Structures are given as C-alpha cells and as structure tokens.
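A closer look at the structure
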Amino acid sequence: MIFDKLNCIVRYDEPLKNHTTFGIGGSCIALIEPREVEDIIEAIKICRENNIKFFVIGNGSNLLVSDEGYNGVIIKLKKEFSTIKVEGEYVIAKSGAKLSEVFDVILENSLAGFEFASGIPGTIGGAIYMNAGAYGGEMKDIVETVEVLDMDTFEVKELKNEELEFSYRNSIIQNKNYIVLAIKLKLQKGNKEEIKTIYEDLREKRNSKQPLNFGSAGSTFKRPEGHFASKLIEDSGLKGYHINDAWVSEKHSGFVVNKGNASCKEILELIDHVKNIVFEKFGVKLEMEVKILKD
C-alpha cells in the first residue's frame, strides 16, 4: 500500500464513526496518525502524487461524516501532537492536545483565563480553527501565537494573534491552506482553588443544560445576529423532534444528537427541517456550525 513507507500509524479502510464525537460516518481510504511534521508533509505529498484527497482532523468533535465515508485520506493529529508545557504565564500546546488536557496542566500551574474552554470537546487545534468560545470567552482572547504548516509551500510559519483574523467561530486558518501545529497561550497567575471553583461551576452548568450523554458535535448552529438558535428552535416547537435516532435534544434544542444509530442522512434531514421551520416562523436563516465531510 502506498502509505506503508510512512514511519507512523496507518489504518486502511478505517470507519470514521470511531473518530468523531457524533459517532457517525463511513470509512476513509486510510487514516494516518503522524509522529512529526515531516510525516504530515510526506503524507500530503503522497496524496498529491496519487491524486488522493486528504483532510486533517483532531478529535472529530465538530465534524459530521457522510454515511458513504470519505474517498480520501484522513490525517489525524493525535498522541505525538498533544504535548503541553508551561513557561511562566505562557502555555505551549501542540494542536492535537484536548482542551480538557490543556486545562488540567493549566490548573496544576495555577493559571487563569482558560476556564471558559475547559469543557469544550475537541482539541486546541480545532479550537483555534473555529475560534471556539463559551461563557463569554473565546480563543482569540488568550492566543499569543500559532504555529502553522503552509500546505502550499510546506513552510512552518508563526502567526501572531492579530494575523489570525479571529471573528465569531472563524479564523484565517479556515481561509488558508494551513494546518495548525502548535499554540502559545498568554494567561495570568491566579489562585488554584478559585480557578477550580470557576471550572466546577461551568462544568455544572454544562452538565445541567447540555446533552453530554449522547453523540453530537456540540452546538449545531451558529448564533444568528440578534437571536439565540436554541430559543428559535424551541419556540418553533421543535424541541424533541426526531427522525429515528437523530434528535433535536430535549435538554438543549441547540444540539442535534445521535441517540443510538442515527445516520448522516437522517441528521442532515433533521437539520434541514429545523432550518426550514425556523425560517418559515421567524425569517431567520440558521447557519450550521458543524462541518460536513463527504465524498
């Protein structure tokens, strides 16, 4: 097989439902877990030489994969891209580190400012990609620099906060041919017990309001200007609406969840129905926050 020469883990015909928090999706040609930047570059070169599509993921927490799978290669930044270190008030994390793992290190070092992100599912690379946020905080508030791989030139670049063009659920990474490699955060010294108290309070809010016991990709829709997606959906009478195992959560109507064996087709049908009804009732166009990966 053409990827066997890579010095990293390669799984052929890998079901992508095992690599997304939705638990949905068919297989890809191959799933590659690189050990270092050179492995990423080599994998991309092989794909391009053989006219094979590729896509880079972290924890697959904001991704809905087609039932037919992906006729391409998935490059998954995992173990070797998850190291975290602290230098004073700065935290340097590789892009594959989960936000929960980053927070654990931050808490141990009594650093404040990351609490809002502690319960967001996914990796810090994905959080930078979409400028993830919650409870009044966003990644743009704490990012110092981001190291990226330019897939056009294979040059590793360092981008400062102002160069990342952060906006609501967006960054320059989405508009450029970049892969996030590492992130440097600027935090503040704080009181460990106070930080832990804030974290536990936010965790309790999440647990009480969000359907964390079912597969999902987090908030399904972006916040429409002047509105809240969940309220529009609930006021449309859609809370608890479902197509087989694809449900609008009864706990939080901003979440579309997989209660067992929902297909991508059913999830998308449900999302389209929600968008249509909300537009009919309120004239508001809901925009998906979840990315769709299909052939």
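Our structure's up above, just so we're on the same page.
What comes next is a walk through the structure.

Parameters and conventions
Residues numbered from 1 in each chain as written. Predicted model: local features only at pLDDT ≥ 70, side-chain atom pairs only at ≥ 80, totals over all residues. Heavy atoms only, no water. 1 Å grid on protein atoms, 1.4 Å probe; cavity = no way out; pocket = protein on both sides within 12 Å on 5 of 7 lines; lining within 4 Å. Points joined across faces, edges and corners; volume = space filled by probe spheres on them. Helix = DSSP H or I, 4+ residues; strand = E, 2+ residues; numbered from the N terminus. Contact = heavy atoms within 4.5 Å. Pairing = 2+ DSSP bridges. Axes fitted to C-alpha atoms, helices over the stretch in contact; angles between N-to-C directions.

Re empty space enclosed by the protein
Under the definition given, this model contains one cavity of 30 Å³ or more. In this structure, the largest cavity spans a volume of roughly 40 Å³. Contributing to the lining of the largest cavity are Asn62, Met130, Arg169, Gln174, Lys222, Glu289 and Lys291.

Thoughts on the side chain of Lys222
Residue placement: Lys222 occurs in the loop between strand E15 (215-216) and helix H5 (229-235). Those residues in contact with Lys222 that lie beyond four places of it in its chain are Tyr168, Arg169, Ala229, Glu287, Met288 and Glu289.

Digging into the sheet that holds strand E7 (residues 90-94)
Hydrogen bonds between backbone groups are what pair the strands of a sheet, and the pairing can be parallel or antiparallel. Sheet architecture is open: five strands sit in the order E6-E7-E13-E11-E12, paired in antiparallel fashion. Of all strands in the sheet, those bounded by a partner on one side alone are strand E6 (84-87) and strand E12 (155-160). On average, each strand axis in the sheet is tilted by 20° relative to the strand beside it, whichever way the strands run. On the sheet, helix H1 (residues 37-49) packs against strand E11 (143-150), E12 and strand E13 (178-186) and is oriented at approximately 155° with respect to E13. Against the sheet, helix H2 (residues 99-108) contacts E6, E7 and E13, and its axis sits at roughly 30° relative to E6.

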